[in-house]
There are 2 protein chains.
Amino acid sequence: MIKHCADDLKTLSDRVFCHTREAIVEGRIAPGSKISEAELAQTHGISRGPLREAISQLAAIGLIERKPNIGARVIQLSSAQLLEIFHVREALEGMAARQAAMNMPADKVNQLHDTLRRHADQIAQDADHAYFQQSGDLDFHFQIVQGSANQYLIKLLCRDLYHLVRLYRYQFGMRSKRGPIALTEHQHIADAIARSDGEMAELLMRAHIRASRENVERMLRAEQ
Amino acid sequence: MIKHCADDLKTLSDRVFCHTREAIVEGRIAPGSKISEAELAQTHGISRGPLREAISQLAAIGLIERKPNIGARVIQLSSAQLLEIFHVREALEGMAARQAAMNMPADKVNQLHDTLRRHADQIAQDADHAYFQQSGDLDFHFQIVQGSANQYLIKLLCRDLYHLVRLYRYQFGMRSKRGPIALTEHQHIADAIARSDGEMAELLMRAHIRASRENVERMLRAEQ
DNA sequence: ACACGATGTATTGTCAACAATATAGATGCC
DNA sequence: GGCATCTATATTGTTGACAATACATCGTGT
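So, how was this worked out
- Residues numbered from 1 in each chain as written.
- Chains lettered and ligands numbered in written order.
- Predicted model: local features only at pLDDT ≥ 70, side-chain atom pairs only at ≥ 80, totals over all residues.
- Heavy atoms only, no water.
- Least-squares fit on C-alpha atoms with pLDDT ≥ 70 in both.
- Pairing = 2+ DSSP bridges.
- Helix = DSSP H or I, 4+ residues; strand = E, 2+ residues; numbered from the N terminus.
- Salt bridge = Lys/Arg side-chain N within 4 Å of Asp/Glu carboxyl O.
- Buried < 20%, exposed > 50% of the residue type's maximum accessible area, 1.4 Å probe, protein only.
- Domains from an automatic or database assignment.
- Contact = heavy atoms within 4.5 Å.
- Buried area = accessible area lost by both parts, 1.4 Å probe.
- Polar contact = N/O pair within 3.5 Å; in protein donor to acceptor, adjacent residues only side chain to side chain.

Visitor: Just checking my understanding: could you explain the relation of the copies chain B and chain A for this structure?
Guide: Both copies of the chain are tied together by a single rotation about an axis and a shift running along it. Once chain B has been moved 0.0 Å along the axis and rotated by 180°, it coincides with chain A to within an RMSD of 0.0 Å. With respect to symmetry, the two chain copies, as superposed, fit the operation of a two-fold axis.

Spelled out as structure tokens, the structure:
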């Protein structure tokens, strides 16, 4: 299970940043809603100084949009933006999978397989695969990105992009039947990494994300 | 020529962010040097409030590192980090070139060719190709990324990564003889985009960045 | 009834003082 | 002499008040 907030957050702005990020991502703060500095400061019991820094950070990772003298709003992903994110993920995570195949140490590969076994169990039990889709999926992707050993890539994906992914899952609230299929794809990717087959790992990862995107596209079309 | 600072920067923190970013990227603030809030605030004639927001933003784009209760330092790119950035660029700009081949409007393609003609002139005149390497090269890459029409990708590259690229060029101060070769590669990429050959555009862009990286690797080896 | 402008209110941007933490230097001890 | 500890200083984190900007309300004229 991923820990989204480090627990050694020393400054107020870091703590509020992290809490507010989770609140946004989990939909407790509605998409598109305005963020009032005074109000948020009061709910957290802090002054506006550190709060504004937290808001800056949230804007930096793209979760809120800020306009000078006007204020900050939680972003509302359009379907176009959603697909953009998928395209970027395809490029970056494809690369991550390739690098992971080359750099991931044996014990981390074992951990990856453990994770997948847990996911298989959960899918067997959980009829509508809610857990897997919301949290387990990202768990897998996280581990691979971490395995790439490219710090810049890790920061890009784990610090910024994945929170947007989490946000859209709440915003669009999609629940496909892809759970079991996705798990199989995950297993094939993990196998390629285990054999240090970077080429194949990238190919499979790209196909996996593309399939996920195409699934979303279908659902978007069906929606209207 | 790229404009790095928008001129409608309404708030103090935005202005100081932009100025300081340029100062760091151009080496006027030494890599690794500590950033004193009081000092910087005084030189800009502002108070520490907005200055701290500017520092947060600089940390968000990765130009400085900040530790709670200790302070902020300008980053000092290790050669390993430099190569990481090249790898990420290869993936992202490869994708950008492919998308640009599909989405770039005709007039923008013409502009791209104009830029390359100007670069050819400059290389013919400027014996050591200083201009081209420092500024012209990024000019070309900027236009292609813009042509991808993927807003998230554009933000990723233009807002964050390119400033790191500019920084390393000052930090490592490399001056290779690749100018003319790079220009040729640029022309081939532009041609592929003009024919809407996305596959080829990506291939050529990746090769171009890879060649650039390998050149840097050679120079790093030669240095020690 | 509608458009435009003035006024008052709410919100954001900025500042200067205060609190908390870390760094540097001096002192004492082994 | 080297090391730990305590103290003084400098730097960062936080706060509440003030200034500037945007928004809503009301009024006026056509």
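Visitor: When you look at the sheet that holds strand 3 (residues 71-74) of chain B in this model, what are you seeing that I'm missing?
Guide: Residues and elements named next belong to chain B. If you walk across this open sheet you meet the three strands as 1-3-2, and the pairing is antiparallel. Only two strands of the sheet have a single partner each, and these edge strands are strand 1 (34-35) and strand 2 (64-67). As paired strands, strand 2 and strand 3 are joined by four bridges and run antiparallel to one another. If you follow Arg66 over to strand 3, its bridge partner there is Ala72.

Visitor: Honestly, the pattern of salt bridges in this entry has me stumped. Any pointers?
Guide: Two side chains bearing opposite charge may form a pair once their charged atoms approach each other closely. Within the structure shown, the criterion is met by 38 salt bridges over all chains. Between Arg98 of chain A and Glu199 of chain A there is a salt bridge, with the nearest N and O atoms lying 3.3 Å from each other. With Arg98 of chain A in helix 4 (residues 79-103) and Glu199 of chain A in helix 9 (residues 198-223), this residue pair connects regions lying 101 residues apart in the sequence. You can call Arg98 of chain A partly exposed: its relative accessible area is 28%. In this structure, Glu202 of chain A engages Arg98 of chain A in a salt bridge whose closest nitrogen and oxygen atoms are separated by 2.4 Å. One end of the pair, Glu202 of chain A, is in helix 9; the other, Arg98 of chain A, is in helix 4, with 104 residues separating them in the sequence. For Glu202 of chain A, a relative accessible area of 7% gives the class buried. Each of the salt bridges in this network shares a partner with another, and the network as a whole consists of Glu37, Arg48, Arg52 and Arg66 of chain A together with Glu53 of chain B.

Visitor: What am I meant to see in the domain arrangement of chain A here?
Guide: When the parts of a complex come together, some accessible area is lost, and that lost area is often taken as the interface size. Residues and elements named next belong to chain A. If you check the domain split of chain A, you get domain 1 (12-74) and domain 2 (79-223). Distance between the C-alpha centres of domain 1 and domain 2: 28 Å. Contact with domain 1, which involves nine residues of that partner, is made by eight residues of domain 2. Here domain 1 packs against domain 2, burying approximately 830 Å² in sum over the two surfaces, 62% of which is carbon and sulfur. At the boundary of domain 1 with domain 2, the tally comes to one salt bridge. For the salt bridge of Glu22 with Arg166, the shortest nitrogen-to-oxygen distance reads 2.5 Å. Put simply, domain 1 and domain 2 have two residue pairs in polar contact (both at pLDDT 80 or more) between them.

Visitor: Quick question: what am I supposed to make of the interface of chain B and chain A here?
Guide: With 31 residues of chain B at the contact, the number on the chain A side is 30 residues. Sorting the residues of chain B by area buried against chain A places Glu53, Glu84 and Tyr152 of chain B first, and these three jointly supply 25% of that buried surface. Here chain B and chain A share four salt bridges between them. A salt bridge links Glu53 of chain A to Arg52 of chain B, with the shortest nitrogen-to-oxygen separation between them at 2.9 Å.

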